[in-house]
Amino acid sequence: YIIDGVESPEEIGDGIESAFVWLWSLKDYVKKYAISKEKSKEWIESKINIDPCLCICADIANSSKHGGLEQGSRSGKYPKLCNLKYESLQEALKKITLRAFEVETDVSRSELISVEMPVYGEKEKYLGDAFKYLDYALNAWESIVDEIEKAV
């Protein structure tokens with residue numbers, strides 16, 4: 001399959017993995033900030049451990065960064081990113097060309113394409129969409145920082 005007019009699944013997948021690693025790396029900065037405001041590292045870890053979505057984000061980031069979860073799964077679900085899915089309205093497509101061993105799609109209106117990267121856990125259980133986890137993680141870190149600031 002060839003899709004012209006949108007980023008390749010590999011490029012989007014790399015970006016998603018990088019975003020998980022980057023968002024999880026915020027933990028170290030949030031810990032330092034918490035310590036500067038007289039909160040402990042353990043307090044941050046406890047905030048993470050009671051949040052199932054942040055734990056899934058941690059697992060995805062650590063798996064991406066280290067090539068697996070040798071230390072075990074923080075969430076207990078062993079999440080993994082799966083194949084990217086594109087969904088399109090007909091109006092987004094310029095043309096579709098069928099050949100013997102390939103299908104080429106030309107996209108003229110990429111804003112009408114939706115993209116999902118499913119996250120699956122053990123036994124192929126669907127856990128959600130990677131984009132939603134990333135959005136959640138960013139908001140969760142902001143909430144934790146807000147909580148640190150309010151405690152001072």
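Participant: Give me the overall build of the protein chain: which residues, what numbers.
Facilitator: Summing up its helical and strand segments, the protein chain has four helices and eight strands in all. Across the protein chain, helices and strands are ordered from the amino to the carboxyl terminus as β-α-α-α-β-β-β-β-β-β-β-α. In summary, the protein chain has a C-alpha radius of gyration of 19 Å against a globular reference of 15 Å for 152 residues, an excess of more than 25%. The principal-axis extents of the C-alpha atoms in the protein chain amount to approximately 65 × 30 × 20 Å. Counting the 152 residues in the protein chain, one finds 34% classified as buried. Only carbon and sulfur atoms are counted for the fraction: they give 51% of the accessible area of the protein chain, which is about 9,800 Å².

Participant: Hey, could you go over unusual backbone geometry for me, with residue numbers and the actual values?
Facilitator: A negative phi holds for most residues other than glycine; trans holds for most peptide bonds. Positive phi outside glycine occurs at Glu-38, with the angle close to 65°. Summarising the element assignment, Glu-38 is placed in the loop between helix H1 (9-36) and helix H2 (41-49). A relative accessible area of 78% places Glu-38 in the exposed class. Positioned with a positive phi, Lys-123 is a non-glycine residue whose angle comes to about 55°. Along the polypeptide, Lys-123 turns up in the loop between strand S7 (118-120) and strand S8 (126-129).

Participant: Residues and numbers for the sheet that holds strand S2 (residues 80-81), please.
Facilitator: Strand-to-strand pairing in sheets goes through backbone hydrogen bonds, with the strands running parallel or antiparallel. Taking strand neighbours across the sheet as the criterion, the three strands line up as S2-S7-S8 in an open arrangement whose pairing is antiparallel. Each edge of the open sheet is held by one strand with a lone partner, namely S2 and S8. Where helix H4 (residues 130-151) meets the sheet, its contacts fall on S2, S7 and S8, and the angle it forms with S8 comes to roughly 70°.

Participant: Tell me what's going on with the side chain of Glu-104, and back it up with residues and numbers.
Facilitator: As for its position among the elements, Glu-104 is in strand S5 (residues 103-107). In this structure the side chain of Glu-104 is engaged in a polar contact, spanning 2.8 Å, whose partner is the side chain of Arg-99. The residues touching Glu-104, leaving out its near neighbours within four places in the chain, are Ile-2, Asp-4, Lys-95, Ile-96, Thr-97 and Arg-99.

Participant: Could you give an account of the environment of Ile-44, naming the residues involved and the relevant values?
Facilitator: Following the sequence through the fold, Ile-44 ends up in helix H2. The exposure class of Ile-44 is buried, given its relative accessible area of 0%. Distance in space between the C-alpha atoms of Ile-44 and Ile-148 is 9.6 Å, their sequence separation being 104 residues. The residues touching Ile-44, leaving out its near neighbours within four places in the chain, are Lys-27, Val-30, Lys-31, Ala-34, Ile-144 and Ile-148.

Participant: Give me the pattern of salt bridges: which residues, what numbers.
Facilitator: One pass over the structure, following the stated rule, counts nine salt bridges. Across the salt bridge formed by Glu-45 and Lys-31, the nearest N and O atoms sit 2.6 Å from each other. Linking Glu-45 in helix H2 with Lys-31 in helix H1, this pair joins segments that are 14 residues apart in sequence. Its relative accessible area of 17% is what places Glu-45 among the buried residues. With its nearest N and O atoms 3.9 Å apart, the salt bridge here joins Lys-95 to Asp-106. Taken as a pair, Lys-95 in strand S4 (residues 93-98) and Asp-106 in strand S5 lie far apart in primary sequence, eleven residues in all. The partly exposed category is assigned to Lys-95, whose relative accessible area is 46%. With relative accessibility at 14%, the residue Asp-106 sits in the buried group.

Basis of the calculations
Starting afresh in each chain, residues are numbered from 1 along the sequence in its written order. Note on the predicted model: pLDDT of at least 70 is required for a residue's local features to be given, and 80 or more for side-chain atom pairs to be given and counted; whole-chain, interface and lining totals, by contrast, use all residues. Working from all heavy atoms in the structure, the side-chain values ignore hydrogens and water. The helix count covers DSSP runs of H or I at least four residues long, the strand count covers runs of E at least two residues long, and both are numbered beginning at the N terminus. Radius of gyration here is computed from C-alpha atoms only, and the compact-globule reference equals 2.2 Å multiplied by the residue count raised to the power 0.38. The rule is simple: take the accessible area with a 1.4 Å probe, protein chains only, and divide by the maximum for that residue type; under 20% is buried, over 50% is exposed, in between is partly exposed. Methods summary: accessible areas were calculated by the Shrake-Rupley approach with a probe of 1.4 Å, and residue burial reflects only the protein chains presented. We call two strands paired when DSSP finds no fewer than two bridges between them. A contact between two residues is defined here by any heavy atoms of the two lying within 4.5 Å. Axis geometry follows a simple rule: fit a line to the C-alpha atoms, using only the stretch in contact for helices, then measure angles between N-to-C directions, giving values from 0 to 180 degrees. In protein, a polar contact means a hydrogen-donor-capable atom and an acceptor-capable atom, both N or O and within 3.5 Å, with residues adjacent in sequence counting only if both atoms are side-chain atoms; elsewhere, any N or O pair within 3.5 Å suffices. A pairing counts as a salt bridge when a side-chain nitrogen of Lys or Arg comes within 4 Å of a carboxyl oxygen of Asp or Glu.

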